[in-house]
Amino acid sequence: MKVDWEEYADRIHLDDSLYNQDVMQRTRMEEIAKRCEGVVLDVGAGDGFLQHLLKLKGLESLGTEVSDTRIKNARDKYDVQVIRGDINELEIGDDQFDTVVATEVLEHTKNPGQGLKEMCRIAKKKVIFTLPVGEFNDSTHQWKIDGVYIPKTGDDDKQGEGIILIEMEKK
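This structure is a prediction, so every number in the text was calculated from the model and none was measured.

Some remarks on the nonpolar core
Moving on, step 1. Grouped together as the largest cluster of nonpolar side chains are 18 residues, with contacts concentrated most on Met29, Ile32, Cys36, Leu50, Leu54 and Val101.
Moving on, step 2. Listed by contribution, the elements that provide at least two residues to this core are helix 3 (23–35), helix 4 (49–56) and helix 5 (68–78).
Moving on, step 3. Top element by residues in this core is helix 4. It accounts for four residues.
Moving on, step 4. Residues in contact with Met29, not counting those within four places in the same chain, are Tyr19, Phe49, Leu50, Leu53 and Thr103.
Moving on, step 5. Within the second largest apolar cluster, 17 residues are counted, among which are Ile87, Leu90, Met119 and Leu131.

Okay, structure coming up:
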């Protein structure tokens with residue numbers, strides 16, 4: 001499926017207008033920002049809102065984005081650094097960023113595993129990604145994601161806290 005990302009950027013705004021109105025989306029971005037450390041790469045940076053939060057936290061970041069419209073929006077609105085880049089083919093060396101983030105990006109790709117592989121290659125310390133769960137009315141999603149958190153039972157310290165089961169169904 002070929003997506004017109006410029007048309008999508010004109011239609012869907014990923015800035016204060018979304019995050020100040022939608023509590024779930026705002027909470028998601030704030031939770032991600034809390035978990036970031038060091039120098040951060042925001043893959044699929046959208047209009048730069050996460051980078052704005054990272055800047056407020058005192059962290060340095062670089063964003064990548066496939067849409068020239070979004071790159072301009074991020075630079076103009078939040079004064080953040082964003083370059084053109086696709087999650088599946090990032091022209092960035094190995095172990096270059098302490099934290100690599102992709103928030104609501106992988107479901108838009110034909111091969112989410114390739115995108116995750118790229119993120120892991122570039123990360124020095126950690127990778128953070130989010131996926132939308134359930135049916136979304138968005139024609140750019142190539143995957144429907146479902147999942148469940150299964151908490152540990154008993155007091156066995158070897159079990160960790162629980163398990164996250166993720167199901168990805170092609171659309």
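A look at the sheet that holds strand 2 (residues 61–65)
Moving on, step 1. Across the sheet, five strands lie side by side as 3-2-1-4-5; this open sheet has parallel pairing. With partners counted over all chains shown, the strands left at the sheet margins are strand 3 (82–84) and strand 5 (123–130), one partner each. Ignoring strand direction, the axes of neighbouring strands in this sheet form an average angle of 20°.
Moving on, step 2. When strand 2 meets strand 3, the two strands line up parallel, connected through three bridges. Across the sheet, residue Thr64 finds its bridge partner in strand 3, namely Ile83.

Side note on the packing of helix 3 against helix 4
Moving on, step 1. Where helix 3 meets helix 4, the axes come as close as 10 Å, and the angle between the chain directions of the two elements is 45°. It follows from the interaxial angle that helix 3 and helix 4 lie oblique. The handedness of the crossing between helix 3 and helix 4 comes out as right-handed. Of the residues in helix 4, those touching helix 3 at Arg26, Met29, Glu30, Ile32 and Ala33 are Phe49, Leu50, Leu53 and Leu54.
Moving on, step 2. In terms of residue class, the contact of helix 3 with helix 4 is made up of seven nonpolar, no polar and two charged.

Description of a nonpolar patch on the surface
Moving on, step 1. A contiguous nonpolar patch, built from Val148, Ile150, Ile163 and Leu165 and spanning about 340 Å² of accessible area, is present on the exposed surface.
Moving on, step 2. Tracing the chain through its elements places Ile163 in strand 7 (residues 162–170).

Calculation criteria
- Residues numbered from 1 in each chain as written.
- Predicted model: local features only at pLDDT ≥ 70, side-chain atom pairs only at ≥ 80, totals over all residues.
- Heavy atoms only, no water.
- Core = buried A, V, L, I, M, F, W, Y, C linked by side-chain atoms within 4.5 Å.
- Buried < 20%, exposed > 50% of the residue type's maximum accessible area, 1.4 Å probe, protein only.
- Helix = DSSP H or I, 4+ residues; strand = E, 2+ residues; numbered from the N terminus.
- Contact = heavy atoms within 4.5 Å.
- Pairing = 2+ DSSP bridges.
- Axes fitted to C-alpha atoms, helices over the stretch in contact; angles between N-to-C directions.
- Parallel < 35°, antiparallel > 145°, perpendicular 65-115°, else oblique.
- Left-handed = near helix turned anticlockwise from the far one by under 90°.
- Nonpolar A, V, L, I, M, F, W, Y, C, P; charged D, E, K, R; others polar.
- Patch = residues over 30% accessible without salt bridge, like charges linked within 9 Å, V, L, I, M, F, W, Y side chains within 5 Å.
- Areas by Shrake-Rupley, 256 points an atom, 1.4 Å probe, with all protein chains shown as cover.
- Salt bridge = Lys/Arg side-chain N within 4 Å of Asp/Glu carboxyl O.

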